[in-house]
Structure formats: structure tokens, C-alpha cells
Amino acid sequence: MPILSDIPADIRRAACAFHEAGHIVAGWQHRRYITHAWLRPPYGFSGETCFEPYQRGFRSDSPVDRERAEIEIIILSAGYCGEMIYWNGAGLKWYPGAIASHEDDLRQMKPYLALLRLPDEAALRARCANAATAILYRPAMLAALAAIARRLSDRRRIDRGEVDAILGGAAS
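Not measured: the values here are computed from a predicted model. (Residues numbered from 1 in each chain as written. Predicted model: local features only at pLDDT ≥ 70, side-chain atom pairs only at ≥ 80, totals over all residues. Heavy atoms only, no water.)

## Side note on the pattern of salt bridges
Then comes step 1: According to the stated counting rule, one finds 11 salt bridges in the structure shown.
Then comes step 2: Between Arg-127 and Glu-70 there is a salt bridge whose closest N-O contact spans 3.2 Å. Of this pair, Arg-127 sits in helix α4 (residues 121-136) while Glu-70 sits in helix α2 (residues 63-87); the two residues are 57 residues apart in sequence, bridging distant segments of the chain.
Then comes step 3: A relative accessible area of 44% places Arg-127 in the partly exposed class.
Then comes step 4: For Glu-70, a relative accessible area of 24% gives the class partly exposed.
Then comes step 5: As a salt-bridge pair, Arg-151 and Glu-162 come within 3.0 Å of each other at their nearest N and O atoms. Of this pair, Arg-151 sits in helix α5 (residues 139-155) while Glu-162 is found in helix α6 (residues 160-171), placing the two residues 11 residues apart along the sequence.
Then comes step 6: In this structure Arg-151 comes out as partly exposed when scored by relative accessible area, which is 29%.
Then comes step 7: The network of salt bridges with common partners includes Glu-52, Arg-160 and Asp-164. (Salt bridge = Lys/Arg side-chain N within 4 Å of Asp/Glu carboxyl O. Helix = DSSP H or I, 4+ residues; strand = E, 2+ residues; numbered from the N terminus. Buried < 20%, exposed > 50% of the residue type's maximum accessible area, 1.4 Å probe, protein only.)

Printed below as a string of C-alpha cells:
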């Protein structure tokens, strides 16, 4: 595997953009809309997707909230899935092996996993990753993923209006 610093900047930035776009597309599919997403300066090798906040917290005794928690795990899993779609693209020789970008997503999953208190968290994470992958590989969503990632990579930021325009066209 190549050393991360040996990977050209535009390739690293594009991988990060696909990661954030994965969160965006899976969130949009589940009616979790962003306020914005961005690639952090100076190079855009890391990013952040900010969703509209929930109007209320989560309760472990609520079936609706338990379902919301699982959706959050799907959305968090979609970053890694989006990034893997990029790395698995034709002709990319730079795949860096274990991707550290997923560590932050795994940390963010912890409260949802704690709320669900399932005996087999690994099985739940695998099921959620499969659900995220299924969303991202739908032909229209795959095209939207690429369009959002391109916009993020080129401009380093995207807002809800731009996402809605891209994904609204994909849903028709």
C-alpha cells in the first residue's frame, strides 16, 4: 500500500469528497437533510457534513427513536461506503488500505449503539453498512454521489439547495 502522503492531493481530496457525499446521499434518502458540507482547508483531505438538528432527543424505550438511531448508523456508515466506491473506481492505484477517516464516524455511532444496546453490535454495523451500500449503488444515487463529490472537490463546500437540486433530479 502507498504511503498516504505519496497520494496526489487531488486524489485524496476526491476520496474525501466521496466520503462526505456518501453521508449526504444516505441522509437524503432517509429525509435527513444537510445544512452544508465542506472539505476542511487547506487541502480538503478531511471534511464534515452538518445535518439539520433533530427537534427532540432520543429515548431508548421509543420504537421510533430506535429506528432513528439505526438510520443514523446507516448514514454514518455511508461515508466509508462512498469512499470505497471512489477507491474501487477504474484505474485507481492509490488505495491507501485501512482508511482512518472512518474512525470519526465510528466514534459518532457510539451513542446510537449505546441507545440500541444490542448484543451483537458488529452485526448491526454490518447490516447498516450493507443498507448504506445498497442506497449508494442505485444507479440514480450513484450518479448523484459522483455529482455531489465533484461539487465538493471543486468548491470545497455544498449546501442544501445544491444537494436538493442534484438529488431531486436523481429521484425523478
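## Digging into the state of the cysteines
Note: disulfide means a covalent bond formed between the sulfur atoms of two cysteine side chains.
Then comes step 1: Following the criterion strictly, the structure yields zero disulfides and no others.
Then comes step 2: Of all cysteine sulfurs, the one in Cys-50 lies closest to Cys-16, which takes part in no disulfide; the gap is 13 Å.
Then comes step 3: Of the residues examined, Cys-16 reaches a relative accessible area of 7% and is grouped as buried.
Then comes step 4: The class of Cys-50 is buried, set by a relative accessible area of 19%. (Disulfide = S-S within 2.5 Å.)

## Focus on the packing of α2 against helix α3 (residues 102-116)
Then comes step 1: Following both chains from N to C, one finds α2 and α3 inclined at 165 degrees, their axes separated by 9 Å at the closest point. When the axis of α2 is compared with that of α3, the two are roughly antiparallel. In terms of crossing hand, the pair formed by α2 and α3 is left-handed. Here α2 contributes Asp-65, Arg-66, Ala-69, Glu-70, Glu-72, Ile-73, Leu-76, Ser-77, Gly-79 and Tyr-80 to the contact with α3, which in turn contributes His-102, Asp-105, Gln-108, Met-109, Tyr-112, Leu-113, Leu-115 and Leu-116.
Then comes step 2: The residue makeup of the contact of α2 with α3, split by class, is nine nonpolar, four polar and five charged. (Axes fitted to C-alpha atoms, helices over the stretch in contact; angles between N-to-C directions. Parallel < 35°, antiparallel > 145°, perpendicular 65-115°, else oblique. Left-handed = near helix turned anticlockwise from the far one by under 90°. Contact = heavy atoms within 4.5 Å. Nonpolar A, V, L, I, M, F, W, Y, C, P; charged D, E, K, R; others polar.)

## Some thoughts on helix α1 (residues 9-29)
Then comes step 1: A rise of 1.5 Å per residue sets the reference length of α1, with its 21 residues, at 30 Å; its end C-alpha atoms lie 30 Å apart and thus fit the reference within 8%.
Then comes step 2: Summarising burial for α1: 17 of the 21 residues are buried, a large majority.
Then comes step 3: Among the residues trailing α1, Arg-31 stands out with phi positive, at a value near 60 degrees. (Expected span 1.5 Å × (residues − 1).)

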